[in-house]
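# Chains, contacts and geometry: an overview
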Amino acid sequence: MTTATPPPPSGGIDPREFAVCTSGLRKTYRSIRGSSVAVANLDLHVPYGGVHGFLGPNGSGKTTSIRMLLGLARADSGTMHLFGQEVPKALPDVIGRVGAIVESPKFFPNFTARRNLELLATAIGAPDRAVGQVLADVGLSDRAKSKYRTYSLGMKQRLAIAATLLKDPDLLIFDEPTNGLDPAGIHEIRQTMRQLAEAGKTVLVSSHILGEVEQVADTVSIIGRGRLLAEGRVADIIGAAGAAAVRVAVRPEDHATAARLLYEAGLDLTDDRTHLLVRGVDDASEIARRLGHHDVWVNELVTVKAGLEQVFLELTAGEGPGTTAGADPLAVPRPQHAVPPQPDQQPDLATPPPPSNPYETGSAGAEGGTR
Ligand SMILES: Nc1ncnc2c1ncn2[C@@H]1O[C@H](COP(=O)(O)OP(=O)(O)OP(=O)(O)O)[C@@H](O)[C@H]1O
């Protein structure tokens, strides 16, 4: 039985208030080529109930963190709590309340889904009646008698989720559950996670596709290079990013002149060759007015609302590339900042911007700054 000694509040945070709580979690992998930090002082706070997205690009440390929480990898330092109990010490007491998919679960291909779950239920001491219930929970009752090998990827993943539900856990941890699924499969998994949350469970789901989890998560933690970049309610995080994360996409008739004019106006500009993306403008029509004043007309003007993906790029903007550029698995995606095009010439995104006004040309230079 549990020795339920209340954990002392640490750093103003009481781990008992969270289903999952980590503080200063760190993990370094060592190899003959040296050591690399996979998780760097990570503080995670997953509230009870609801879907919590654990988000970050490939190699940012999500799986390593989850593995440490489940006792599958040892942390170098830091503390971890599940339901207020410190793990890995209290893992035997709390693991019965946790269902997790970390790696692809193994099922017998020639057995039916039901038979596979019955075997599993016997192995883990779950009641037989749980099998029918969990198949219904994930919407597989109709296909319960089909052999596992006939299942689609999405159905296989839902069966994996069903397996985690056999013990009726309070906390579900899914590591990239939608990997490899088509849009319909992704939609089904999202629905399943929502239903579980609505049934009062806590779902911790990791993903490198921020926009995908944004649609289903109540709260998120965004990590990059093994450290926490942002956490909280999705709407609050997007709101806090404010105008800086909102962009206006402009498709002008004369791309090069428009780029030069907006650059000269001191606007934060990105060029994706089709559109000029302007950040930090409150009023999109100001851009049309400014260009129109110079007889440059706009074919399209769209305000692109910020999403978590955009917030992530804002949070990591200015970070240097990884220590081994191009090969660093911890490298985060970088926003494509403007590499200003020269008029009469295709913009070259690989060329660093020149120090002076890059949109200025010999003939157009005289116009610089005129209003
Ligand atoms: N067993 C291991 N030995 C050495 N390095 C490892 C090991 N497992 C992970 N790493 C490294 O640790 C870093 C974090 O990897 P991790 O798998 O935790 O990231 P992730 O965010 O889950 O990525 P993904 O979305 O690709 O699954 C990466 O640089 C990875 O190469």
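Residues numbered from 1 in each chain as written. Predicted model: local features only at pLDDT ≥ 70, side-chain atom pairs only at ≥ 80, totals over all residues.

### Considering the sheet that holds strand β13 (residues 276-279)
A sheet is described by the order of its strands in space; here four strands give the open sequence β12-β13-β11-β14, paired in antiparallel fashion. On the outer flanks of this sheet lie β12 (268-271) and β14 (298-304), each paired with one strand and no other. Looking at each pair of strands side by side, their axes are set apart by 25° on average, direction ignored. Examined bridge by bridge, strand β11 (residues 247-252) and β14 share six bridges and lie antiparallel to one another. Each residue of the ladder has a partner; that of Arg251, found in β14, is Glu300. Sheet strands in contact with helix α10 (residues 285-292) are β11, β13 and β14, and its direction is about 155° off that of β14. (Pairing = 2+ DSSP bridges. Helix = DSSP H or I, 4+ residues; strand = E, 2+ residues; numbered from the N terminus. Axes fitted to C-alpha atoms, helices over the stretch in contact; angles between N-to-C directions. Contact = placed C-beta atoms within 7 Å.)

### Let's talk about the domain arrangement of the chain
If you check the domain split of the chain, you get domain 1 (15-240) and domain 2 (247-304 + 339-367). The C-alpha-based centres of domain 1 and domain 2 are spaced at 44 Å. (Domains from an automatic or database assignment.)

### Description of helix α6 (residues 183-198)
With 16 residues, α6 should reach 22 Å at 1.5 Å per residue; the first-to-last C-alpha distance of 22 Å fits that figure. Regarding α6, the residues found buried are Ile186, Glu188, Ile189, Thr192, Met193 and Leu196. Angularly, the buried residues of α6 cover 160° about the axis, an arc narrow enough to put them on a single face. Residues of α6 that are exposed and angled more than 90 degrees away from the buried face: Pro183, Ala184 and Glu198. Here the buried face of α6 lies against β3 (50-55), α5 (153-165), β7 (171-175), β8 (202-207) and α7 (210-214). Gly200 occupies a position one or two residues after α6 and carries a positive phi of about 95°. (Expected span 1.5 Å × (residues − 1). Buried ≥ 20, exposed ≤ 12 C-beta atoms within 10 Å, placed from the backbone. Arc of directions from axis to C-beta.)

### Structural notes on the sheet that holds β8
Strand order in the open sheet formed by six strands is β6-β7-β8-β3-β9-β10, with mixed pairing between adjacent strands. Strand pairing shows two members of the sheet lacking a second neighbour, β6 (98-101) and β10 (227-233), which therefore form its edges. Taken pair by pair, the neighbouring strands of this sheet meet at an average axis angle of 15°, ignoring direction. With four bridges connecting them, β6 and β7 associate as parallel partners. Residue Ala100 lies in a different strand from β7, and its bridge partner there is Ile173. Contacts from helix α1 (residues 62-69) reach β3, β7, β8 and β9 (219-224) within the one sheet, and its direction differs from that of β7 by about 145°.

### Re unusual backbone geometry
With omega at 10°, the peptide bond leading from Val87 into Pro88 counts as cis. Residue position: Pro88 is located in the loop between β5 (85-87) and α2 (91-94). Non-glycine residue Asp168 carries a positive phi angle of around 50°. Looking at where Asp168 falls in the secondary structure, it is placed in the loop between α5 and β7. Positive phi, normally seen in glycine, also occurs at Arg273, with a value near 80°. For Arg273, a count of 11 C-beta atoms within 10 Å translates into the label exposed.

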